[in-house]
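Okay, here's what each chain looks like letter by letter:
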Amino acid sequence: MRETTYLLSEQYHRISKPTTGDGRVQTAPIPYSPPPTVYGLPQYLPLTESHPTGQGCTNPYGKSKFFIEEMLKDLASSSQKWSIIALRYFNPVGSHPSGEIGEDPNGIPNNLMPYISQVAVGRRKKVQVFGNDYDTKDGSGVRDYIHIMDLAQGHVTALDKLLCDKPLSGFKAYNLGTGTGYSVFEMIEAFSKASKRTIPYEVVGRREGDIASSYCDASLAKTELGWEAKYGLDRMCEDTWRWQSKNTLGYRKIFY
Ligand SMILES: CC(=O)N[C@H]1[C@@H](OP(=O)(O)OP(=O)(O)OC[C@H]2O[C@@H](n3ccc(=O)[nH]c3=O)[C@H](O)[C@@H]2O)O[C@H](CO)[C@H](O)[C@@H]1O
């Protein structure tokens, strides 16, 4: 909760700072907002940008993302000088193809992909699969994973749109995802293939606040920004494994 409160005040600060500009077009792309947070419990799938937001946001983190989008919408309608793109990105995974830049979470990873990769490299014993009784293809949770390189390109594309001669005016939200949902078991299998290692797992109870499925319709970003995800699941796993196998202990050189 303290972290969320801090995050919120930081974000208010970041967003309000550009209002002190000199009257030229201001830009404020917001590179966050995973769908379980702004979209809440999906009313339909795939999630489109017109899906209601803020309803059923179950945690303060999700609410803070929703509030920030609302602030940005208000800001956008307050003056035509505003040109704002919200990138609602799904589950970012993968690493830079060089294997030099990757995800190194502090402590025990909360998210699936870094957990799987730490099991594959021998830092953790087994993956805990949070529930196999969801209404999904194999009972485990389904998500739309996106390679960080695609995500980075999505940001560049959005910035190009904001900084071009005729930037859009007002507020616009775009989903960034592949549009394909993969289950936890499919993720484990794909990572096992990429790392050529067996990945032990056990099924445990559902994680509080989790939803069964979340994946998006990313066609608006394709039509209006000219962006679409290039990398599939195999490449996400291969690049993650390249970084993890080169950096067994992550950037820190001690176990914790
Ligand atoms: C409750 C929670 O933290 N939600 C965060 C998590 O949502 P997500 O639940 O979308 O991502 P995640 O990577 O934590 O989990 C993906 C899927 O794997 C499952 N799973 C995850 C970890 C694990 O050790 N075992 C397992 O089975 C989980 O139940 C879900 O079905 O990530 C998002 C970013 O990508 C946002 O930060 C969300 O706020």
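Right above here is the structure, for reference.
Residues numbered from 1 in each chain as written. Predicted model: local features only at pLDDT ≥ 70, side-chain atom pairs only at ≥ 80, totals over all residues. Heavy atoms only, no water.

Asks: Describe the packing of aromatic side chains, and please don't skip the residues or the numbers.
Replies: Pairs of aromatic rings are described using the distance from one ring centre to the other and the angle between the two planes. A complete count under the given rule lists 4 aromatic pairs for this structure. Between Phe 66 and Phe 67 the ring centres are 6.0 Å apart and the planes differ by 50°, which places this aromatic pair in the tilted class. We classify Phe 66 as buried; its relative accessible area is 18%. Its guanidinium or amino end placed over the ring of Tyr 134, Arg 206 lies 4.0 Å from that ring's centre, counting from NZ or CZ. (Phe/Tyr/Trp six-rings, centres within 6.5 Å; stacked < 30°, edge-to-face > 60°. Buried < 20%, exposed > 50% of the residue type's maximum accessible area, 1.4 Å probe, protein only. Lys NZ or Arg CZ within 6 Å of the ring centre and 35° of its normal.)

Asks: Describe the pattern of salt bridges, naming the residues involved and giving the relevant values.
Replies: By the definition in use, this model includes 13 salt bridges. Across the salt bridge formed by Glu 70 and Lys 73, the nearest N and O atoms sit 3.1 Å from each other. Placement of the pair is Glu 70 and Lys 73 together in helix α3 (residues 60-78), with a separation of 3 residues, close to one helical turn. Across the salt bridge formed by Asp 210 and Arg 143, the nearest N and O atoms sit 3.9 Å from each other. Taken together, the residues Asp 210 in the loop between β9 (201-204) and β10 (213-214) and Arg 143 in strand β5 (residues 142-143) connect sequence positions 67 residues apart. Classification of Asp 210 as partly exposed rests on a relative accessible area of 24%. According to the relative accessible area criterion, Arg 143 is buried, its value standing at 10%. If you follow the salt bridges from partner to partner, you end up with Arg 143, Arg 207 and Asp 210 in one network. (Salt bridge = Lys/Arg side-chain N within 4 Å of Asp/Glu carboxyl O. Helix = DSSP H or I, 4+ residues; strand = E, 2+ residues; numbered from the N terminus.)

Asks: Explain helix α6 (residues 184-195) to me, and be specific about the residues and the numbers.
Replies: Along an α-helix, a turn takes 3.6 residues, which lines up residues three or four apart on a common side. Over its 12 residues, α6 runs 16 Å from end to end, which matches the ideal 16 Å to within 8%, given 1.5 Å per residue. Regarding α6, the residues found buried are Val 184, Phe 185, Met 187, Ile 188, Ala 190, Phe 191, Ala 194 and Ser 195. The inward-facing, buried residues of α6 abut α4 (112-120), β4 (127-130), β6 (145-147), β8 (182-183), β9 and α8 (233-246). The first or second residue beyond α6 is Lys 196, which carries a positive phi of 55°. (Expected span 1.5 Å × (residues − 1). Contact = heavy atoms within 4.5 Å.)

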